[in-house]
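# Notes for the structure review
Here is what each chain is made of, one letter per residue.
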Amino acid sequence: MRRGCSLGLVIAFLAGGVGIGAGPASSPLSESERALTEKVDAHLARAWAEAGVEPTQAADDAEFLRRVWLDVAGKIPTAAEARAFLDDPTPDKRARLVDNLLRSNAATNHAVNTWRNLLIPEAASNTVARVLAPDFDVWLRARLIGGVGLDVLARDLFSTPLDGRGPFTSQPSSAKSEATPLAYYAAKGYRPEDLAASTARQFLGVRIECAQCHNHPFSTWKRDEFWSLAAAFAGLQQPAQPNGGISLNAREDRSKRELEIPGTSRKVSARFPDGTEPATSKDASARQALAKWMTSPDNPYFAKAAVNRIWSQLFGIGLVDPVDDFGDANPPSHPELLEDLAAWFISSGYDRQALIRALTATRAYGLSSDVEHARPADPRLFARGPVRGLTSEQFYDSLAQAVGMPPELTANPRAVVPNGPRAALLEKFAMGDDRPTEHQTSIPQALALMNGAFVAGATDLVQGETLGAVADAPFLDDRGRVETLFLAALSRRPRPEESARLVAYVASHGSRLALADVFWALLNSAEFKLNH
């Protein structure tokens, strides 16, 4: 990374008004969204009163700013964006910021990362899924941008034709991506049982695969029900491949709607979890009937699973937690609230962005994460802002933002280099199955931040874009330089005692090299590595 060509742009990001801010009044909450916000506040206020819990104080603007950027845009703001928001005196700047973030490319990128990781987690280890992931991203982007409903994503995923044509009109390694959801099917080897398990978890919120091998005495779902859902994918066929490889040219026999349960001689027909059987049709497969059933307003699972997942992404814990384990043995913490959210979501046309606007305006979302009591309240009461680990993408994109890495080097999905800094850090900082609220930093992660090449370069006065620009800025004194590094890394100004101590350190140790020490310490702080 060489400093110089983009120095002017970095200075603008540090001191100017470039980027996303609260901006002019564009479209704060709609009447419907505001009504939902008030309804959520009322539900939680009743729960707090019944539990005898006093919620924490409201988050200040800096805490809210960093949280909502990470949740909506998947990274922290630039120093200039943070400064502009903190200096904005208008009362509705939070709602306007959320609205502007939702319109940004960063928000779409974050949504694509989130849904790709949910639907094809195999891309982390499966070569076929990894090769197809960029085309899957293009397909996802078209369904997550703007106000497109989540029902469209689900319906298109399960009704996409599988007619034997391959996914590419260009080579996978080319810069041109073809929009296709084929990766979802190929990553699971077109196996009906794997597709049924993933579909149930991600779109219906149930772990029906526990019934794949046997009936569990305490489970709602039985073996026949699992294989009946799997039978919706019974018609998928792929040509035999040498060495057992995965074909990219799968076909579907629309007439096939039965599967034999392994280890038995019994066959089951396609049937959905509420008992609905797909209507016989020569024009549509059982899989395509599943798409129609899943996104019907009468479906008892889809809307609840979707709003619960979005709630979990914003509040750290789902109303049903884990989010993919709905069932009698795992009831929601606020059942009436979940019902109201699902009903509103259906009436909104499954509008993901509208739901985010409404939820980020609630009192609960705007609470501080500070621990004010010796015994903090049950986190499922949502009486305090959650402290969460970052996803690997949130971490890398925030680090790149803070150190001034040019966006064009981080945004092209075709430009992923196996041994490049992005791929290396994404692998090292992968969260796995950890709950965000229980995430712990590993020793390799700590060492990568302390001694790794990426941070070493970013905190080098010659190579580091942000650090070099701050050190060379003629319009900043030492106090201003320390403040700008805080805004770049932590999205807040230093507290008076922090500023006094660090400005004295910079003055006594030689201004430029001491600034590198300050920036290194900020990037290695727990505050940088967490969403709080």
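Before any of the text, the structure's been laid out above.
Residues numbered from 1 in each chain as written. Predicted model: local features only at pLDDT ≥ 70, side-chain atom pairs only at ≥ 80, totals over all residues. Heavy atoms only, no water.

### Concerning the packing of aromatic side chains
Counted by the stated rule, this structure contains 19 aromatic pairs. Relative to Trp139, the ring of Phe136 has its centre 5.7 Å away and its plane inclined at 20°; by these criteria the two rings are stacked. With Phe136 and Trp139 both in helix 7 (residues 127–144) and three residues apart, the pair spans about one turn of that helix. The same class applies to Phe136 as to Trp139, namely buried. Among the aromatic residues, those joined into a cluster by ring pairs are Trp115, Phe158, Tyr184, Tyr185, Phe203, Phe233, Phe302, Phe345 and Tyr350. Looking at Arg67, its charged tip hangs above the ring of Tyr365, at a distance of 5.7 Å from the centre. Cation over ring: Lys93 sits above Phe85, and NZ or CZ is 4.6 Å from the ring centre. (Phe/Tyr/Trp six-rings, centres within 6.5 Å; stacked < 30°, edge-to-face > 60°. Helix = DSSP H or I, 4+ residues; strand = E, 2+ residues; numbered from the N terminus. Buried < 20%, exposed > 50% of the residue type's maximum accessible area, 1.4 Å probe, protein only. Lys NZ or Arg CZ within 6 Å of the ring centre and 35° of its normal.)

### A closer look at a nonpolar patch on the surface
Nonpolar side chains collect at one region of the surface, where Ile443, Leu447, Met450 and Trp520 lie side by side and expose about 390 Å² of accessible area between them. Among the elements that line the nonpolar patch, the one with the most residues is helix 18 (residues 443–451), at three residues. What makes Leu447 partly exposed here is its relative accessible area of 42%. (Patch = residues over 30% accessible without salt bridge, like charges linked within 9 Å, V, L, I, M, F, W, Y side chains within 5 Å. Areas by Shrake-Rupley, 256 points an atom, 1.4 Å probe, with all protein chains shown as cover. Salt bridge = Lys/Arg side-chain N within 4 Å of Asp/Glu carboxyl O.)

### Side note on helix 10 (residues 192–204)
Of all the 13 residues making up helix 10, eleven are buried; the element is thus mostly covered by neighbouring parts of the structure. Buried within helix 10 we find Pro192, Glu193, Leu195, Ala196, Ala197, Ser198, Thr199, Ala200, Gln202, Phe203 and Leu204. Of the residues one or two after helix 10, Gly205 is the one with positive phi, at around 75°.

### What about unusual backbone geometry?
For residues besides glycine, phi is generally negative; the peptide bonds are generally trans as well. Cis peptide bonds are those with omega within 30 degrees of zero, and the linkage from Asp321 to Pro322 qualifies with 0°. By secondary structure assignment, the location of Pro322 is in the loop between helix 13 (302–315) and helix 14 (335–347). Positive phi values are uncommon outside glycine, yet Tyr190 reaches one of about 60°. Tracing the backbone shows Tyr190 in the loop between helix 9 (182–187) and helix 10. Given the relative accessible area of 4%, Tyr190 is considered buried. The phi torsion at Phe382 lies on the positive side, around 60°, for a residue other than glycine.

### Re the pattern of salt bridges
Evaluated as defined, the whole model comprises 29 salt bridges. Residue Arg96 is joined to Asp88 by a salt bridge in which the shortest nitrogen-to-oxygen separation is 3.5 Å. Here Arg96 falls in the buried class, since its relative accessible area comes to 4%. A relative accessible area of 16% means that Asp88 is categorised as buried. Salt bridges sharing partners connect three or more residues here, namely Arg492, Arg495, Glu497, Glu498 and Glu527.

### Some details on the nonpolar core
Formed by 114 residues in total, the largest nonpolar core has its most connected members in Phe158, Tyr185, Phe203, Trp311 and Leu341. The element best represented in this core is helix 13, accounting for eight residues. Discounting chain neighbours no more than four positions away, the residues touching Tyr185 are Leu157, Phe158, Thr160, Leu162, Tyr190, Leu195, Phe233, Leu236 and Arg287. By size, the runner-up hydrophobic cluster in this structure holds 36 residues, among which are Ala458, Leu467, Leu485 and Val518. (Core = buried A, V, L, I, M, F, W, Y, C linked by side-chain atoms within 4.5 Å. Contact = heavy atoms within 4.5 Å.)

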